[in-house]
Amino acid sequence: MAALPVPGSRRRIRRIRRIRRPHALAAGCALALCATVAAPATADGGTATARPTIVLVHGAFADASSWNGVAERLQGRGYAVIAPANPLRGLYNDSAYIASVLDSIKGPLVLVGHSYGGALISSAAAGNPRVKSLVYVAALMPDVGESGMSLAAGFPSERGTATRSVPYRTDGVSGTDLYLKPDRLHQVFAADLPERTTRLMAVTQRPVATTAFSQKAKAAAWRHLPSWALVAKQDKTINPDQERFEAKRAGSHTVEIDSSHVAMVSHPEAVTDLVLQAATAADGARPALPATGAAHDARATTARIAGIAAALITGTGALLLGRRLRRPAPDAAAPPRGGSVPAALERPRLHHQTGE
């Protein structure tokens, strides 16, 4: 049965709607501001929730195909992956090249370095605000002023007895390349791989210039970025104690596995899991940074926006409350036009009219 109109009820409904509009406006403004706070812009115009591109940097004596097992698994998880060809011509030349590769990629980045590739990501990431984290796999992690050779001097390994030197010349430039001896590669470099695999690795290996290990690092990005490290406990190319020392010094999130030097080939699942930890880590994993620079400015801007949102909500609520207090109370003795209506009948009809 349709409800009968109540005299004077339409005026009450219009008054209720007028009161509700400021509430809706405040809620809408607060929602827009909160959305801005929750999704701050990144350097490339994206949002902080964008998935990073994973950059896999190989080390000496290898090529980018050494990352195949890890790259395939990361792609299966929906990540963009790039495994650039490391020139292996020296720390300064190679880190500059990797830095140029990073400049060609949009959005946030996670850098992963194996062996000598660890020294490269430490240098190439310096000053790049889009690098989210670093991952070191049985890697070199030199500090400023250190080299691969100076680190190895404190932590001897069998690599020195497993390499041979070969002079090279290119366009008037000469130097010395290092190769792994074919009869020593399996034992020192990849003891947990089948020998038929290491025989192929021996004949397809890429030599590395001695300057890769003699040049001293000019940057150490692990001092300012969160890092993850994998220690290969059966590594005979880089002493596992050196890997532990480097990881502890950098405050890295560290795992240890029973692996040879080429953990990404023999244990791609473990390496992939570590990379995913770095790629999905919350901002809390980042070490404390000085209260200056772009990161500090972004945090300050976010705090200011949150403060504006809170002030807007509080101020609107106070304004509405003041209007309610200033409004004169209705005269209970004055009946509505058209005669008095019992209160028990008026309330249900009001709810029916407003759809509440």
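In short, a report on the structure. Predicted model only: the values in this text are computed from it and were never measured.

What counts and how
- Residues numbered from 1 in each chain as written.
- Predicted model: local features only at pLDDT ≥ 70, side-chain atom pairs only at ≥ 80, totals over all residues.
- Heavy atoms only, no water.
- Helix = DSSP H or I, 4+ residues; strand = E, 2+ residues; numbered from the N terminus.
- Buried < 20%, exposed > 50% of the residue type's maximum accessible area, 1.4 Å probe, protein only.
- Contact = heavy atoms within 4.5 Å.
- Salt bridge = Lys/Arg side-chain N within 4 Å of Asp/Glu carboxyl O.
- Expected span 1.5 Å × (residues − 1).
- Pairing = 2+ DSSP bridges.
- Axes fitted to C-alpha atoms, helices over the stretch in contact; angles between N-to-C directions.
- Polar contact = N/O pair within 3.5 Å; in protein donor to acceptor, adjacent residues only side chain to side chain.
- Parallel < 35°, antiparallel > 145°, perpendicular 65-115°, else oblique.
- Left-handed = near helix turned anticlockwise from the far one by under 90°.
- Nonpolar A, V, L, I, M, F, W, Y, C, P; charged D, E, K, R; others polar.
- Phe/Tyr/Trp six-rings, centres within 6.5 Å; stacked < 30°, edge-to-face > 60°.
- Lys NZ or Arg CZ within 6 Å of the ring centre and 35° of its normal.
- Right-handed = clockwise from strand over helix to strand, strands pointing away.

So, on to the overall build of the protein. A count of helices and strands for the protein gives 14 helices and nine strands. Buried residues in the protein amount to 39% of all 356 residues. A sequence separation of at least 24 residues applies to 74% of the contacts in the protein between residues at least 6 apart.

Opposite charge on two side chains permits pairing when their charged atoms draw close. Summed over the entire model, instances satisfying the criterion amount to eight salt bridges. Note that glutamate 269 is salt-bridged to arginine 73, the shortest N-O span being 3.1 Å. Here the residue glutamate 269 occupies a position in helix α12 (residues 268-280), and arginine 73 occupies one in helix α2 (residues 68-76), the gap between them amounting to 196 residues. On the basis of relative accessibility, which here comes to 43%, the residue glutamate 269 falls in the partly exposed class. With relative accessibility at 32%, the residue arginine 73 sits in the partly exposed group. The salt bridge involving glutamate 256 is made with arginine 244; its shortest N-O contact spans 2.7 Å.

In this model, helix α3 (residues 91-103) (13 residues) spans 18 Å end to end at C-alpha, consistent with the 18 Å of a helix rising 1.5 Å per residue. In the core, the buried residues of α3 are packed alongside β1 (53-57), β3 (109-114), α4 (116-124) and α9 (211-214).

Right, let's talk about the sheet that holds strand β2 (residues 81-82) for a bit. On the basis of which strands lie adjacent, the open sheet formed by six strands has the order β2-β1-β3-β4-β8-β9 and parallel pairing. The open sheet has two edge strands, β2 and β9 (253-257), and neither has a second partner. Note: strand β4 (residues 131-137) against strand β8 (residues 227-232), four bridges, orientation parallel. In the strand pairing of β8, leucine 134 is matched with serine 227. Sheet strands in contact with helix α10 (residues 240-250) are β8 and β9, and its direction is about 165 degrees off that of β8. On top of the sheet, α12 reaches β1, β3, β4, β8 and β9; it is set at about 160 degrees to β4, its chief contact.

Hydrogen bonding along the main chain pairs the strands of a sheet, whether they run parallel or antiparallel. Within the open sheet, the three strands sit side by side as β5-β6-β7. Their pairing is antiparallel. Each end of this open sheet is capped by a strand with a single partner; those strands are β5 (163-170) and β7 (208-209). The pairing of strand β6 (residues 173-180) with β7 spans two bridges and is antiparallel. The residue of β7 that forms the bridge with leucine 178 is valine 208.

Turning to the side chain of asparagine 86, a few remarks are in order. Examined against the element boundaries, asparagine 86 turns out to sit in the loop between β2 and α3. For asparagine 86, a relative accessible area of 0% puts it in the buried group. One polar contact links the side chain of asparagine 86 to the main-chain amide nitrogen of leucine 88, over a distance of 3.1 Å.

For the rest of this paragraph, the subject is the packing of α3 against α4. At a closest axis distance of 8 Å, the pairing of α3 and α4 adopts a crossing angle of 60 degrees. One way to sum up the angle between α3 and α4 is to call them oblique. Here α3 runs over α4; the crossing is right-handed. Contacts between α3 and α4 involve Leu91, Asp94, Ser95, Ile98, Ala99 and Leu102 on the former and, on the latter, Tyr116, Ala119, Leu120, Ser123 and Ala124. Residues of the contact of α3 with α4, tallied by class, amount to eight nonpolar, two polar and one charged.

What follows concerns the packing of aromatic side chains. Applying the stated criterion across every chain yields a total of three aromatic pairs. Ring geometry for phenylalanine 61 against phenylalanine 189: centres 6.2 Å apart, planes inclined by 90 degrees, an arrangement best described as edge-to-face. Within this pair, whereas phenylalanine 61 is found in the loop between β1 and α2, its partner phenylalanine 189 is found in helix α7 (residues 182-189), the two being separated by 128 residues in sequence. An identical accessibility class is assigned to phenylalanine 61 and phenylalanine 189; each is buried. In this arrangement the basic side chain of arginine 51 is found over the ring face of tyrosine 79, its NZ or CZ atom lying 4.4 Å from the centre. Over the ring of phenylalanine 213 we find arginine 159, and its NZ or CZ is 4.6 Å from the ring centre.

So, about the side chain of histidine 114. Note on placement: histidine 114 falls in strand β3. In this structure histidine 114 comes out as buried when scored by relative accessible area, which is 1%. In this structure the side chain of histidine 114 is engaged in a polar contact, spanning 2.8 Å, whose partner is the backbone oxygen of histidine 261.

Further remarks concern the pairing of β1. Moving residue by residue along a regular strand, the side chains alternate between the two faces of the sheet. When you tally the buried positions in β1, you get five out of five residues, the bulk of the element. Bridging between β1 and β2 involves two bridges; their strand directions are parallel. Across the sheet, residue isoleucine 54 finds its bridge partner in β2, namely valine 81. Where the polypeptide runs from β1 across α2 and back to β2, its parallel neighbour, the crossover connection is right-handed.

Structural measurements only, silent on function.
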